[in-house]
Structures are given as structure tokens and as C-alpha cells.
Amino acid sequence: MRHPRSGDVGGARACIAAFLLLALPVSLWFALKTPLGDVADEPAHLMRAAALLDGQIVGHRETVRLPDGRAFVAAGVTVDPVWKAMSRSRDPADVSRPADPPPDPALGSGPWDATRRFEALYTIGTYFPAFYAPGALGLAAGRLTGASPREAAILGRLAATLAYAGLAVAALALARRGRLLLLATLALPMSLSLGGSFNHDGLIIAAACLAAALLSRSWDDAPGAPRRPASWLAAALIALIVLAKPPYAPLAVLLLPPLRRPGLPLRASLMALAVLPGVLWAGFTVAHVATPVPRAAYEAGPLWPGPRPAVFAATDPQAQFQVLAAAPARIATLPAGYLFTLKHALWLGRTGIGLLGWLDRPLPTPLYPLWALGLVGALLAGGRARDGGWVERGGLLLLAALACLWGILLSQYLTWTHVGEPRIDGPQGRYLLPLMPLMLPLLASGGAGAPWRRAAGWLPILAAGAGLALVPALMRL
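Draft legend 1. Highlighting the overall build of the protein. Scanning the protein from terminus to terminus reveals 16 helices and 7 strands. Taken over the C-alpha trace, the protein has a radius of gyration of 22 Å; the compact-globule value for 477 residues is 23 Å, and the two agree within 12%. Counting all 477 residues of the protein, 54% fall into the buried class. Summarising the internal contacts of the protein: among those between residues at least 6 apart in sequence, 76% fall at separations of at least 24. Of the accessible surface of the protein, which amounts to about 19400 Å², a share of 68% is contributed by carbon and sulfur atoms. Side-chain charges in the protein split into 41 positive and 25 negative, and the spacing between the mean points of these groups amounts to 11 Å.

Below is the structure:
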């Protein structure tokens, strides 16, 4: 087996250097320059990280009073109110409304306060906290060193950025194939923005890349070779991802290749073990933590099978289950209607490459086509795997990717869309970035191959370089 030379564009040293020199500075720039809370859902993620300092592993339910006077049972955490006050928060029930005015810069500049108040976080209150740990450690370091809460928040962002970079560098160093695809995924502006924030999606993307990189080290082993310890570490990373977001459970199929080698039952058992904790955690949070999201009163949509008038004042997963149960084919047709619509496909592509802030801060226009070419170039440079079982493996990974997509879309329908609507509200391209490593088993190991493949491999590096040149210069944060 021939591995990439250090001078190849897809070699470990070249990819690590490209990430450290072209991508990491952009993530650090996002961490330092983006107004606190001006990353998708960051106020809620910041409060989850802060709650860890008080030992709150998961959210809990309390009754809150909504602005219209309604009493509502919400999932959330009990934290110092300063974390919400000094971030640009938006109503999680209506993120489409204009941004709140920037908070007073003096907020969070004083001493730490022992005051605690319940803050409703809804779905974010149910997430497993593993990927909040780096941000929480940064907050703790700030508190121990006498920094103000605002300074500690910046330290928390920087800690999350360093954790993201550490996972990214490890993935690029350890991968035996598909390094350029991993580099492209990790260097996307959307990934770098999330990695430089309290939003745990950035670390989920990096953990998925590292898990695939670890597993790629065993895909070319001789038949009957013992299972590498790296495979168990990859299974642990996938378990953490599924604990954080159960719709990513199909990522566990990365543990199965090579399909035609002995030991498939053991690999299938490892896959089941990686998924089981997430299933149990999801069951616990649904029963004891999760709550609907309040909305202004609305009449149920046309798919509602129950009696009318049917007025709802919140999302309602149970009612949405009734919508799906009334016509089970909707389990397939609703996600398909979203996914295979050109408008939505372009939206997912744009928001996957980078539509920042609260979907109101576009990247410099040239970066969108350039990054589209960069992703295609990363795939072309990887080449097709030359080992046996490519068709079976490709079919399995395609089914896994579709299962993830369907799970993400259905979860958005159940937990975020108004009851009975014939559409799905809320999907974004950033939710699809952890699925990119599913393509690694289909790519070739070894050298870059033909000269045109080496040329294609420069496209993601060119896109990352353009991001370094254009994002700090042209984006207004």
C-alpha cells in the first residue's frame, strides 16, 4: 500500500498546514470578533455551558410566564441572568424577527454574581453536555483567574476553538484516505464559525471527522487482523455524537466496513453499542426534560386529521405524530418534498457553506461558488476506492446518509413546524456537515494519482485561502 507523500497536496503535513495557516485564523477571528450570541442559538448554548459550572448536566422543567401572560412549562437551566443579558439573544419561538438592539457593553464587565434564574432553552435544554465541556472549562478558567463574565465568555469561545482545532488536526493526521474531504469540511466558513462559538455543532462536525479518520486506519488491514484500539475510540466519538443529537445515529455504519472481511458480527455489535446510549438518553429527556416551544396562537394546518377548530399555542410533537399516523406515507413524502426541491437544495447548500449570524449575515459572494468547487475538487482528488465491495459499501453509506437526512427533517417537522403544515420548517445546511465523513470509505487510499486529481486537490485549499483573505476583510459582524 502506498501512502501519500508529505509533498502531496493531500498528504497529512500539507493538509494540517493548510488548516492551521488558512482555516484556524478565520475561526479565531470569528471567536474574537463575532458579537456574543450572534451565532445560531449561541445564547442558549452559552447558558448550557455556564450551567455545567453549577453541576447541571441536563435541563429541567419549570413553569414560566410568557410575554402574553400565559403560564408555560419549559425546559431550561438555572443560571446567572448576565449570560443571557450580555448576548444578542432572540426569542427561540420566533427567530425571524429583527435582532434585539446590541446589549450594553458594560454588561458582564463587573464581578461574578451568585444570582441564579431559570432560563427557558426548550430543545437545547435536552442535549447531552459532552461538547459543552471546552466552553465550560474556558468559563471556569476565567472565573478562577479573576476575569469578568464577559472576558470569561471570550475565553470560553477560545477554548471551544482550540478543542475544534485539536480534533481537526488529529483527524487530518490520522486519516488514511479522504484527507482533502475532511479538510474541506473542517475549513468551511460555517464550520469555522460554529467552531469559534459556544454552539456545540462545531465540535460535533470535528468529532465526526475524527471518528471517520480513526476508522480509515483499519479499512485496509489484512483479513483477520485484530481490531485496532482506534476503532473503539471512534465508536466512543460516534456515541457522543448520537447522545448529543440522536438523528445522527446512522453515522455508526462507519464502524462496519470492510463488509467482505471476517468479524462483521463484532463490528455490528460495536455499532449497536455506539447507538444504544443515545437511544436511552433520548428516551430519558423526552420523558423528563423536553417541552414544546411556545408560539402565537395558530390554526392547525391542512394535514391535521382531528376536529376543527384546532387552535395550538405551541409546537406539539404528539399532535404531529397524529398527522403522520393518519397517512404513514407522509413519513417519506414530507422529507422527500423538502429535500428534492431545487429551492430547498440551494438553501441547504448556501447555509452549509455559510450563512452566519441568525441567517442574516451572508459570506462574500465569491466564496459560495468557490467553496462548491472546493468540495467537488476534494471528492475528485480522493478518487474511487479500489478495494472490493465498493457497490455494497456505497449502497450502505447512501442509505445511512438518507436515514440521517430523513431523521433530521422529521425531527424538524415534529419539534419545530406548526401542527398539520404540509411543509417542514427549520432545516439548515449546517445540520448536514457531520454527514460528510460518510463518504470516506468510498475514496481511495494511497497517493493522489493522476495529475488532474492533484490539480483538483488544490481547489479546497484555494477556497480556504480565499476565505482567509475575504472573510475578515469584507464581512461585517
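Draft legend 2. Representation of the environment of Glu151 within the structure. As for its placement among the helices and strands, Glu151 is situated in helix 5 (residues 149-174). A relative accessible area of 45% places Glu151 in the partly exposed class. Along the sequence, Glu151 and Gly337 sit 186 residues apart, while their C-alpha atoms lie 46 Å from each other. Engagement of the side chain of Glu151 in a polar contact is seen with the backbone nitrogen of Ser148, the distance being 2.9 Å.

Draft legend 3. Structural detail: helix 9 (residues 229-244). Between its first and last C-alpha atoms helix 9 spans 23 Å; for 16 residues at 1.5 Å apiece the expected length is 22 Å, and the two agree. Looking only at helix 9, the buried set comprises Ala230, Ser231, Ala234, Ala235, Leu237, Ile238, Ala239, Ile241, Val242, Leu243 and Ala244. Tucked inside the fold, the buried residues of helix 9 contact helix 8 (201-216) and helix 10 (264-288).

Draft legend 4. Fine view of the environment of Leu433. Following the sequence through the fold, Leu433 ends up in the loop between helix 15 (390-415) and helix 16 (451-474). You can call Leu433 buried: its relative accessible area is 6%. Separated by 36 residues in sequence, Leu433 and Ala469 place their C-alpha atoms 23 Å apart. Beyond its immediate stretch of four places on either side in the chain, Leu433 contacts Thr185, Leu188, Met190, Ser191, Ile205 and Gly352.

Draft legend 5. Inspection of empty space enclosed by the protein at higher detail. For the coordinates displayed, the defined rule picks out 8 cavities of 30 Å³ or more. The volume enclosed by the second largest cavity comes to roughly 80 Å³. The wall of the second largest cavity is formed by Ala50, Leu53, Asp54, Asp80, Trp83, Trp112, Asp113, Arg116 and Arg143. The residue inventory of the lining of the second largest cavity, partitioned by class, reads 4 nonpolar, no polar and 5 charged.

Draft legend 6. The arrangement of the pattern of salt bridges in detail. Per the stated rule, a full pass over the model turns up 12 salt bridges. Arg116 is paired through a salt bridge with Asp54; the nearest N and O atoms lie 2.8 Å apart. Linking Arg116 in the loop between helix 3 (82-85) and strand 3 (117-120) with Asp54 in the loop between helix 2 (42-53) and strand 1 (60-65), this pair joins segments that are 62 residues apart in sequence. A relative accessible area of 37% places Asp54 in the partly exposed class. Across the salt bridge formed by Arg70 and Asp68, the nearest N and O atoms sit 2.8 Å from each other. Several salt bridges converge on common partners, so that one network encompasses Asp41, Asp201, Lys245 and Arg430.

Draft legend 7. Main features of the packing of aromatic side chains. Scanning all chains against the criterion turns up 9 aromatic pairs. Ring geometry for Trp83 against Trp112: centres 5.5 Å apart, planes inclined by 65 degrees, an arrangement best described as edge-to-face. Placement of the pair is Trp83 in helix 3 and Trp112 in the loop between helix 3 and strand 3, with a sequence separation of 29 residues. Of the residues examined, Trp83 reaches a relative accessible area of 3% and is grouped as buried. Residue Trp112 is classed as partly exposed on the basis of its relative accessible area, which comes to 22%. Taking the centre distance of 5.5 Å and the plane angle of 80 degrees together, the rings of Trp304 and Phe312 count as edge-to-face. Each member of the pair Trp304 and Phe312 is classed as buried. Linked through ring pairs, Phe128, Trp281 and Phe284 together constitute an aromatic cluster. In this arrangement the basic side chain of Arg295 is found over the ring face of Trp416, its NZ or CZ atom lying 4.6 Å from the centre. Across from the ring centre of Tyr368, 5.6 Å away, lies the NZ or CZ of Arg350, which sits over that ring.

Calculation criteria
- Residues numbered from 1 in each chain as written.
- Predicted model: local features only at pLDDT ≥ 70, side-chain atom pairs only at ≥ 80, totals over all residues.
- Heavy atoms only, no water.
- Helix = DSSP H or I, 4+ residues; strand = E, 2+ residues; numbered from the N terminus.
- Rg over C-alpha atoms; globule rule 2.2 N^0.38 Å.
- Buried < 20%, exposed > 50% of the residue type's maximum accessible area, 1.4 Å probe, protein only.
- Contact = heavy atoms within 4.5 Å.
- Areas by Shrake-Rupley, 256 points an atom, 1.4 Å probe, with all protein chains shown as cover.
- Lys, Arg positive; Asp, Glu negative; His and termini not counted.
- Charge placed at Lys NZ, Arg CZ, Asp CG, Glu CD.
- Polar contact = N/O pair within 3.5 Å; in protein donor to acceptor, adjacent residues only side chain to side chain.
- Expected span 1.5 Å × (residues − 1).
- 1 Å grid on protein atoms, 1.4 Å probe; cavity = no way out; pocket = protein on both sides within 12 Å on 5 of 7 lines; lining within 4 Å.
- Points joined across faces, edges and corners; volume = space filled by probe spheres on them.
- Nonpolar A, V, L, I, M, F, W, Y, C, P; charged D, E, K, R; others polar.
- Salt bridge = Lys/Arg side-chain N within 4 Å of Asp/Glu carboxyl O.
- Phe/Tyr/Trp six-rings, centres within 6.5 Å; stacked < 30°, edge-to-face > 60°.
- Lys NZ or Arg CZ within 6 Å of the ring centre and 35° of its normal.

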